[in-house]
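Examination of the molecular architecture
So you can see what is in the structure, the chains are spelled out below.
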Amino acid sequence: MGAPPGYRPSAWVHLLHQLPRADFQLRPVSSSFAPQEQEYQQALLLVVALAGLGLGLSLILIAAYLIRVCCCRPPEPPGSKSPPPGGGCVTWSCIAALLVGCAGIGIGFYGNSETSDGVSQLSSALLHANHTLSTIDHLVLETVERLGEALRTELITLEEVFTQRTELVAATRGARRQAEAVAQQLQGLAFWQGVPLSPLQVAEDVSFVEEYRWLAYVLLLLLELLVCLFTLLGLAKQSKWLVIVMTVMSLVVLVLSWGSLGLEAATAVGLSDFCSSPDTYVLNLTQEETGLGSDILNYYFLCNQAVSNPFQQKPLLSLEETLNVTEGNFHQLVALLHCRSLHKDYGTALRGLCEDALEGLLFLLLFSLLSAGALATTLCSLPRAWALFPPSDDYDDTDDDDPFNPQESKRFVQWQSSI
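Residues numbered from 1 in each chain as written. Predicted model: local features only at pLDDT ≥ 70, side-chain atom pairs only at ≥ 80, totals over all residues. Heavy atoms only, no water.

As a further point, take the layout of surface pockets. If you add up the space inside the largest pocket, you get close to 1400 Å³. Every residue lining the largest pocket is counted, 47 residues in all, and those nearest its centre are Leu122, Leu126, Val202, Val206 and Leu353. Counting only elements with at least two residues in the lining of the largest pocket, the list comes to α3 (87-161), α5 (199-237), α6 (240-276), α7 (278-290), α8 (294-302) and α11 (339-387). Looking at the lining of the largest pocket residue by residue, the class counts come to 36 nonpolar, 6 polar and 5 charged. (1 Å grid on protein atoms, 1.4 Å probe; cavity = no way out; pocket = protein on both sides within 12 Å on 5 of 7 lines; lining within 4 Å. Points joined across faces, edges and corners; volume = space filled by probe spheres on them. Helix = DSSP H or I, 4+ residues; strand = E, 2+ residues; numbered from the N terminus. Nonpolar A, V, L, I, M, F, W, Y, C, P; charged D, E, K, R; others polar.)

Below, the structure written as structure tokens:
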């Protein structure tokens, strides 16, 4: 099938489409896009399950590392106040991991924006297609109404005038039958009238889902950014309570990162399967939802010389010459019924979905990978880092004359009691 103008499957689409797929029994599954089939659904769920497996392995490795650090640490000599060796390396590795996480957050913001732009192109194309179809229906309805009004007034009046002339009455009635046939042919041009599928409703649903998806990712990115910044602040101030809180928050964000990674990977794989050959699936789905004939759908979705215009059998040009009163409407109908406009909307939707949206998903996938790796490293480093903090970090900055100093307050109370 011919690809829409300006759209060609990208290298990312080909690469992801070539990845092997398997169901829950690890049997090979075709990479053809078939979301209604159970085997294909299982293949996508297995991609999500791989992310869950990665999360489980990460948690096991983190727990094993922390247990080894806590249980296998050599005992410190009594009275020793010197920090254990390797403390600076632990702190700097934690800082490096947090900086990598911040870089991943920047990539995530870019990917989220690209995905949103691609989905916006899809919504705009659907809205433009809806405008074209609505204009066709409106023009046909207006022309048929004008034609019906002419039949009810002018031709009937002519019949009454020519009552005495039998041949003229017959000609007038023949003209009326021809006009009624023209009206019937015109009604057939409004092929989208009464179709239950509305591009406007689809565009609104897509925009609604995209708004919440975009907002959810922004909140996730901001949450991870705050965790990274406050963790760096806790390390700089050597605040144990802040580091402990951020350790717990890092664990939460780690789980969210692996979850988003699984969803992004499954969506990217499914989208690549769709984008590798979109025409077949779109044609079958549209025919199933609308009930339109395959000749009309092939004409608009493929729009090439191999597919004939299904409206050529309707004598538009002769109608245009016969009904001069609606000549402007016929010119506009001829232009709108050509496949160029709707096919251009189809190509725009595919480019937005298969280029920008897929590229954004891949950047979000990279963000999730960097985030998961950075947070896992941070979770391994933070408990060792706070163990290196001096035990008096909460009072190092207090002055002996400070009234809020606990020792000074105790001496003040004793002085008052002795008076």
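We are not done yet, so read on.
For the rest of this paragraph, the subject is the confidence of the model for the protein chain. For the protein chain, per-residue confidence averages 79 on the pLDDT scale, and residues scoring 70 or more make up 74% of the total. Counting interchain partners and residues more than four positions distant, the pLDDT-below-50 stretch residues 315-319 has 8 contacts. Overall, residues 392-406 carries pLDDT values under 50, and its contacts beyond four positions in sequence, including any with other chains, amount to 14 contacts. (pLDDT = per-residue confidence, 0-100. Contact = heavy atoms within 4.5 Å.)

Let us now look at the nonpolar core. Of all hydrophobic cores here, the largest spans 60 residues; its most connected members are Phe191, Leu254, Trp258, Phe274, Cys275, Tyr300 and Leu337. With 14 residues, the single largest contributor to this core is α11. Residues within four places of Phe191 in sequence aside, it is in contact with Leu133, Ile136, Leu292, Ile296, Tyr300, Phe311, Leu337 and Leu342. Core analysis: the next-biggest nonpolar cluster, separate from the first, contains 13 residues, Leu235, Val243, Phe367 and Leu382 among them. (Core = buried A, V, L, I, M, F, W, Y, C linked by side-chain atoms within 4.5 Å. Buried < 20%, exposed > 50% of the residue type's maximum accessible area, 1.4 Å probe, protein only.)

Let us now look at the side chain of Ser371. Relative to the elements of secondary structure, Ser371 occurs in helix α11. Residue classification places Ser371 among the buried residues on the basis of a relative accessible area of 1%. Among the polar contacts listed, one links the side chain of Ser371 to the side chain of Ser257, at a separation of 2.8 Å. Here Ser371 is in contact with Glu224 and Ser257, once residues within four sequence places are set aside. (Polar contact = N/O pair within 3.5 Å; in protein donor to acceptor, adjacent residues only side chain to side chain.)

This brings us to unusual backbone geometry. A positive phi angle is found at Leu26, which is not glycine, with a value near 60°. Looking at the secondary structure, you find Leu26 in the loop between α1 (11-17) and α2 (38-71). Leu26 gets classed as exposed once you look at its relative accessible area, which sits at 65%. Phi is positive for Gln238, close to 55°, though the residue is something other than glycine. Within the element layout of this structure, Gln238 appears in the loop between α5 and α6. Judged by relative accessible area, which is 33%, Gln238 ranks as partly exposed.

Let us look at the packing of aromatic side chains. Throughout the structure, instances matching the rule amount to 8 aromatic pairs. Pairing Tyr299 with Tyr300 gives two aromatic rings, centres 5.0 Å apart and planes at 70°, and the pair type is edge-to-face. Here Tyr299 matches Tyr300 in class, with each residue buried. On the basis of an interplanar angle of 75° and a centroid distance of 4.9 Å, the ring pair of Phe301 and Tyr346 is categorised as edge-to-face. Of this pair, Phe301 sits in helix α8 while Tyr346 sits in helix α11, placing them 45 residues apart in sequence. Tyr346 shares its class with Phe301; the two are buried. Here the aromatic cluster, defined as three or more aromatic residues joined through ring pairs, consists of Phe33, Tyr40, Phe274 and Tyr281. (Phe/Tyr/Trp six-rings, centres within 6.5 Å; stacked < 30°, edge-to-face > 60°.)

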